[in-house]
There are 2 protein chains.
Amino acid sequence: MGRWAPDSRGRLEHAAMELYGERGFESTTVAEIAERAGLTERTFFRHFADKREVLFWGAKAFQEFLVSNVDAAPASLPPIDAIAAALGTAADDIFEVRRDLVRQRQAIIDANPELQERELRKLASLASALADALRRRDAGDPASSLAAEAGIAVFKIAFEDWIHGAGERTLSDGIRASVDELRRVTGRQRPAARR
Amino acid sequence: MGRWAPDSRGRLEHAAMELYGERGFESTTVAEIAERAGLTERTFFRHFADKREVLFWGAKAFQEFLVSNVDAAPASLPPIDAIAAALGTAADDIFEVRRDLVRQRQAIIDANPELQERELRKLASLASALADALRRRDAGDPASSLAAEAGIAVFKIAFEDWIHGAGERTLSDGIRASVDELRRVTGRQRPAARR
């Protein structure tokens, strides 16, 4: 097997995260990543187009996962619940199992404005793909866009809490709590109007 | 008065928008903008740090306007309503009166991925400033972040509709409709649960 070991992708990813964290994203070269992983540059480029893709390939996978979950949700499920259910499943299946790597990645992105802008663009594209998935469910407009954007807002806030928290709550619990809070916040209960 | 005419800022802005639209943002130089406006480069740099600031100075003004409106809102107003009211006032006072310029600017940003990323970052910073303003009103967390993010979602959708629409609805009407739709979308009314 040697350098074709089935985990070369994972080794490259771990090596890249370590180096980005130690030296900064800008100062790290592909040659250094390959060396740290005990692989060749050639192998790196078999897996990733460039050093940025190591950070962002997961965003594409995350989007595909969410969209296929929304597509597969029961037709009776309201838009916001279809989004929330997909996010909860992604939280368990994608994020919870690789929490350390996700945290490492986030620290790298938080330290680099250019990567932050890229991350925001990925989230915007995710919202737009989810809105399209809701339209396929005949959720209509602007309900589809609003439910998708609200879902991303919920995810952002739950994710931040999860990434900076002490691990006392799972991401999917955080997402559920965040959806409930969104319902409360957008509800019509004005303190002065109670009777 | 000559080149110190009080409207040099506006002339530079209009000249820049025209040129960005005609030649693209990347291909336009500050010298060309100044020439088109009948002013000097020196005057350009008295008003703007660089050619990107012509597009983004308004984002800062918009943020300050919203934050001061939220700060000044009656304490009894729930978070989402304080945000919606501020957005509605900004729509009338800032956007409606310069619709053509806003449209021109948006077409330039839509044509350039780097400017889109910058725009998304400005919106993220706006959401964060609004969440801080809600915290000052003791709205708590995560209610403050959620109401702010939801407010930005509402604005994005109403803005897109307004910018691409035929002018049949004002932006502030669009914002009101979008908030109502968000309440409906996040409401607990599931079709199957009615009795």
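Residues numbered from 1 in each chain as written. Chains lettered and ligands numbered in written order. Predicted model: local features only at pLDDT ≥ 70, side-chain atom pairs only at ≥ 80, totals over all residues. Heavy atoms only, no water.

## Things to note about the overall build of chain A
- Secondary structure summary: chain A contains nine helices and zero strands in total.
- Order of helices (α) and strands (β) in chain A, N terminus to C terminus: α-α-α-α-α-α-α-α-α.
- For chain A, the spread of C-alpha atoms along the three principal axes comes to 70 × 35 × 30 Å.
- Taking all 195 residues of chain A together, 47% fall into the buried category.
- Restricting to contacts in chain A with at least 6 residues of sequence separation, those with at least 24 account for 66%.
- For chain A, the accessible surface area stands at approximately 9,600 Å², while carbon and sulfur atoms represent 50% of it. (Helix = DSSP H or I, 4+ residues; strand = E, 2+ residues; numbered from the N terminus. Buried < 20%, exposed > 50% of the residue type's maximum accessible area, 1.4 Å probe, protein only. Contact = heavy atoms within 4.5 Å. Areas by Shrake-Rupley, 256 points an atom, 1.4 Å probe, with all protein chains shown as cover.)

## Overview of the interface of chain A and chain B
- The interface is formed by 35 residues belonging to chain A together with 36 residues belonging to chain B.
- Summed over both partners, the interface of chain A with chain B buries about 3,200 Å², with 65% contributed by carbon and sulfur atoms.
- When the buried surface of chain A facing chain B is broken down by residue, A:Glu117, A:Leu146 and A:Thr186 rank first, second and third, together holding 20% of it.
- Here chain A and chain B share six salt bridges between them.
- The shortest N-O distance in the salt bridge between A:Glu149 and B:Lys156 comes to 3.2 Å.
- Inspection of the region where chain A meets chain B yields 11 residue pairs in polar contact (both at pLDDT 80 or more).
- Those elements giving two or more residues to the side of chain A that touches chain B turn out to be helix 5 (79-95), helix 7 (113-136), helix 8 (143-164) and helix 9 (171-186) of chain A.
- Each residue belonging to the side of chain A that touches chain B can be placed in one class, and the counts come to 17 nonpolar, six polar and 12 charged. (Buried area = accessible area lost by both parts, 1.4 Å probe. Salt bridge = Lys/Arg side-chain N within 4 Å of Asp/Glu carboxyl O. Polar contact = N/O pair within 3.5 Å; in protein donor to acceptor, adjacent residues only side chain to side chain. Nonpolar A, V, L, I, M, F, W, Y, C, P; charged D, E, K, R; others polar.)

## Let's talk about the domain arrangement of chain A
All names here are of chain A.
- For chain A, the assigned domains read domain 1 (2-47) and domain 2 (55-190).
- A C-alpha centroid distance of 28 Å is found between domain 1 and domain 2.
- Tallying the contact residues gives nine residues for domain 1 and 10 residues for domain 2.
- Carbon and sulfur atoms supply 64% of the area that domain 1 and domain 2 bury against each other, a total of about 850 Å² over both sides.
- When the buried area of domain 1 at its contact with domain 2 is split by residue, Glu13, Met17 and Phe25 rank highest and sum to 58% of it.
- Taken together, the links from domain 1 to domain 2 amount to one salt bridge.
- With a closest N to O distance of 3.2 Å, Arg98 and Glu13 form a salt bridge.
- Where domain 1 meets domain 2, there are two residue pairs in polar contact (both at pLDDT 80 or more).
- Taken together, the residues that form the side of domain 1 that touches domain 2 break down as three nonpolar, two polar and four charged. (Domains from an automatic or database assignment.)

## Let's talk about the confidence of the model for chain A
Residues and elements named next belong to chain A.
- Averaged over every residue, the pLDDT of chain A is 91; the share at 70 or more is 93%.
- When mean pLDDT is compared element by element in chain A, helix 2 (residues 30-37) scores highest at 97, while helix 6 (residues 99-110) scores lowest at 93.
- Between residues 189-195, whose pLDDT stays under 50, and residues either more than four places distant or in other chains, the model counts seven contacts. (pLDDT = per-residue confidence, 0-100.)

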